[in-house]
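# Breakdown of the fold
Listed below, chain by chain, are the residues.
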Amino acid sequence: DKVFSDNDNAEDNQLIKTENAEFFDEYLKVFLPGKSANNFKKTIEEFSDNDINLYLLFYYIDLANSGKIETTQIDGVISYIANKEEFDEVIEKYFGIKEYNIIDSTGRDGIKKLDSLKYQVFWFATGWMAPEATNIGVKYDGNEVLVEYKLTNDTYGSYGEESKITFKLIYNDGNYNVKSIIYSEL
């Protein structure tokens, strides 16, 4: 890993730490189809509150599945109580924003506001089919980073067997904020 100055961008002359493909595989894993039930296998030019809520849901599902948080389970519904500060840290790290809205969910999966500082993240344990994602490139351009994944065995739905998903990230204050996703069939 190396650190270099972004001298080409006069308005943002910060140091950027370059990372390898394995770093981005871990960093972006919740966006990839296998961890997000294909919810981010689409083009997103700008993340909506719904997209951010979906990200938080799958972020906490991943934490629970990896044993990093303790959850409760009642009648097949798994839940975790998160505080607003946790949400703020995750959203600032991955999206680079401070203002967002949590949308109360009424289905089997989602987030409910319990009070001004606490939320319940809940989901019904289930599985899904998803293509395999293989990192095919990390490209740096100033403080922008493009990370591309080839999706194979992408036969679920109307898609072909192979497709590609590209993440555009901006290096911002030590984090790689995800700014957009581009999905395309190959």
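Quick caveat: nothing in here was measured; it's all calculated off a predicted structure.

## As for the overall build of the protein chain
Broken down by element type, the protein chain carries 4 helices and 10 strands. Counting from the amino terminus, the protein chain carries its helices and strands in the arrangement β-β-α-α-α-β-β-α-β-β-β-β-β-β. With 186 residues in all, the protein chain has 41% of them scored as buried. Of the roughly 10400 Å² of accessible surface on the protein chain, a fraction of 45% belongs to carbon and sulfur atoms.

## Notes on the confidence of the model for the protein chain
Averaged over all residues, the pLDDT of the protein chain is 90; the fraction at 70 or higher stands at 89%. Counted against residues more than four places away or in other chains, residues 1-12, with its pLDDT under 50, gives 26 contacts.

## Brief notes about the sheet that holds strand β6 (residues 118-124)
What links the strands of a sheet is backbone hydrogen bonding, and the strands pair in either a parallel or an antiparallel sense. Read across the sheet, 4 strands follow the order β3-β4-β6-β5 without closing on themselves; strand pairing throughout is antiparallel. Two strands lie at the open edges of the sheet, namely β3 (72-74) and β5 (110-113), each paired on one side alone. Ignoring strand direction, the axes of neighbouring strands in this sheet form an average angle of 30°. Where β5 meets β6, 4 bridges bridge the pair, whose relative direction is antiparallel. The residue bridging Lys113 from the neighbouring strand is Tyr119, located in β6. Contacts from helix α3 (residues 49-65) reach β4 (77-83), β5 and β6, with the element oriented near 70° to β6.

## Side note on α3
For α3, built from 17 residues, the straight-helix expectation of 24 Å at 1.5 Å per residue is met to within 8% by its first-to-last C-alpha distance of 24 Å. Counted residue by residue, α3 has 13 buried out of 17 residues, so it is predominantly covered. Directly after α3, the chain includes Gly67, whose backbone phi takes a positive value near 75°.

## So, the packing of aromatic side chains
Per the stated rule, a full pass over the model turns up 24 aromatic pairs. The ring of Phe122 is capped by Lys112, whose NZ or CZ atom sits 5.2 Å from the centre of that ring.

## Thoughts on the sheet that holds strand β10 (residues 175-185)
Spatial ordering of the open sheet is given by β7-β8-β9-β10, a layout of 4 strands whose pairing is antiparallel. Only two strands of the sheet have a single partner each, and these edge strands are β7 (132-141) and β10. Taken over all neighbouring pairs, the strand axes of this sheet differ in orientation by 20° on average, direction set aside. Bridge count between strand β9 (residues 162-172) and β10: 10 bridges; the pairing is antiparallel. Within β10, the position partnered with Thr166 by the bridge is Ile182.

About the thresholds
Each chain has its residues counted from 1, running along the sequence as written. Only residues with pLDDT of at least 70 get local features here, since the model is predicted, and only at 80 or more are side-chain atom pairs given and counted; chain-wide, interface and lining totals rely on the full set of residues. No hydrogens and no water enter the side-chain calculation; it runs on all heavy atoms of the structure. For helices the rule is a DSSP run of H or I covering at least 4 residues; for strands it is a run of E covering at least 2, with both sets numbered from the N terminus onward. Throughout this description, buried means an accessible area under 20% of the type-specific maximum (1.4 Å probe, protein chains only), exposed means over 50%, and partly exposed covers the range between. The protein chains shown are the only cover counted for residues, whose accessible areas, like all others here, come from Shrake-Rupley with a 1.4 Å probe. Per-residue confidence from the prediction method is given by pLDDT, with values spanning 0 to 100. Any two residues having at least one pair of non-hydrogen atoms within 4.5 Å are treated as being in contact. Pairing between strands requires that DSSP locate at least two bridges from one strand to the other. Fitted lines through C-alpha atoms serve as axes, helices being fitted only where they are in contact, and the angles separating the N-to-C directions of these axes extend from 0 to 180 degrees. The span you would expect from a helix comes to 1.5 Å times its residue count less one. In this analysis, rings of Phe, Tyr and Trp, with Trp reduced to its six-membered ring, are considered paired at centre separations within 6.5 Å, and the interplanar angle assigns stacked below 30 degrees, edge-to-face beyond 60, and tilted for intermediate values. Remark: a charge is flagged as sitting over a ring if the NZ atom of Lys or the CZ atom of Arg is within 6 Å of the ring centre and within 35 degrees of the ring normal.

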